[in-house]
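Residues per chain are reported as follows:
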Amino acid sequence: LPYFIWRLPGVLNRPLMNSVNLFFERRLAKRAVELGADLYFSRDMTPHAALRISDSGEPCVLEFHQKPSGALATRSLRALTSVNSGVYSFAVTRLLAQDIGQVLGLPDGAIDVHHDGVDLEMYENLPPQQTRSKSVVTYAGSLQSNRGVDILIEAASLCHGVDFRIVGGASSEVSSMRSFAANRGVTNISFIGQVPPEEVPVHLQTSDI
């Protein structure tokens with residue numbers, strides 16, 4: 001349904017998408033409260049559900065991964081982050097917390113910061129770097145369009161003396177990025193695709209950047 005709605009003209013897709021989101025999030029909140037919990041953990045992508053859970057008197061935590069956008073979502077997020085809401089809010093980066101504060105009109109420090117975690121034990125006892133003739137740049141992560149992998153490919157086209165490695169991405173995304181690179185004549189880049197989590201540290205360890 002969302003895929004269909006976003007293909008409609010802008011004047012239609014925004015109100016329709018808002019209606020779908022509101023319906024889904026109200027059902028989500030209702031079901032969550034029915035199941036019962038000591039604490040409810042929500043993301044900024046479902047602000048209306050978090051607000052309904054909070055309004056029902058349940059303790060709620062709100063995690064921010066992006067800056068608020070859209071009048072309807074921003075209004076719910078502003079209510080969730082108000083002093084009286086009782087909702088504990090945090091962002092995953094310091095700059096994001098500042099951006100959220102500006103958008104929602106919050107005082108400095110109103111949004112706590114808890115960075116994404118990493119299992120440091122996975123990075124212990126890794127093989128030492130080997131001597132090589134070229135520097136290696138590695139990206140490990142999602143290949144979604146907002147990750148900037150296309151910019152990394154453009155950089156590879158300018159850095160002929162450097163080898164680039166892309167780790168991650170679904171097969172269809174890898175194919176798309178590989179074609180993107182081929183169309184620009186980029187030959188100093190390799191696409192590894194998805195690997196088990198325990199292999200990621202090895203790829204990073206054997207890289208210069």
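Note: the structure precedes this text.
Scope of this entry: the structure provided in the associated data block. (Residues numbered from 1 in each chain as written. Predicted model: local features only at pLDDT ≥ 70, side-chain atom pairs only at ≥ 80, totals over all residues. Heavy atoms only, no water.)

Turning next to the pattern of salt bridges. Evaluated as defined, the whole model comprises 6 salt bridges. Between Arg-31 and Glu-34 there is a salt bridge, with the nearest N and O atoms lying 3.6 Å from each other. Linking Arg-31 with Glu-34, this pair stays in helix α2 (residues 10-35), spanning 3 residues, or about one helical turn. With a relative accessible area of 48%, Arg-31 lands in the partly exposed category. On the accessibility criterion, Glu-34 (46% relative accessible area) is partly exposed. For Asp-208, the salt bridge is made with Arg-132, and the minimal N-O distance between the two is 3.0 Å. Residue Asp-208 is found in the segment after α8 (200-205), and its partner Arg-132 is found in the loop between β4 (112-113) and β5 (135-140); the two are separated by 76 residues along the sequence. The partly exposed category is assigned to Arg-132, whose relative accessible area is 32%. One network of salt bridges, in which partners are shared, links Lys-30, Arg-31 and Glu-34. (Salt bridge = Lys/Arg side-chain N within 4 Å of Asp/Glu carboxyl O. Helix = DSSP H or I, 4+ residues; strand = E, 2+ residues; numbered from the N terminus. Buried < 20%, exposed > 50% of the residue type's maximum accessible area, 1.4 Å probe, protein only.)

Turning to the packing of α2 against helix α3 (residues 47-55), a few remarks are in order. It is the contact of α2 with α3, at a shortest axis distance of 8 Å, that shows an interaxial angle of 40°. One way to sum up the angle between α2 and α3 is to call them oblique. Of the two possible hands of crossing, α2 and α3 adopt the one that is right-handed. Facing α2, whose interface residues are Leu-22, Glu-25, Arg-26, Leu-28, Ala-29, Ala-32 and Val-33, α3 presents Pro-47, His-48, Ala-49, Arg-52 and Ile-53. When the residues that make up the contact of α2 with α3 are grouped by side-chain class, the tally is 8 nonpolar, 1 polar and 3 charged. (Axes fitted to C-alpha atoms, helices over the stretch in contact; angles between N-to-C directions. Parallel < 35°, antiparallel > 145°, perpendicular 65-115°, else oblique. Left-handed = near helix turned anticlockwise from the far one by under 90°. Contact = heavy atoms within 4.5 Å. Nonpolar A, V, L, I, M, F, W, Y, C, P; charged D, E, K, R; others polar.)

This part is about unusual backbone geometry. The phi dihedral of Asn-125 is positive, around 55°, even though this residue is not glycine. Secondary-structure assignment places Asn-125 in the loop between β4 and β5. You can call Asn-125 exposed: its relative accessible area is 80%.

Residues Val-118, Leu-120, Met-122, Tyr-123 and Leu-204 make up a contiguous nonpolar surface patch of about 440 Å² in total accessible area. The topology assignment puts Leu-204 in helix α8. (Patch = residues over 30% accessible without salt bridge, like charges linked within 9 Å, V, L, I, M, F, W, Y side chains within 5 Å. Areas by Shrake-Rupley, 256 points an atom, 1.4 Å probe, with all protein chains shown as cover.)

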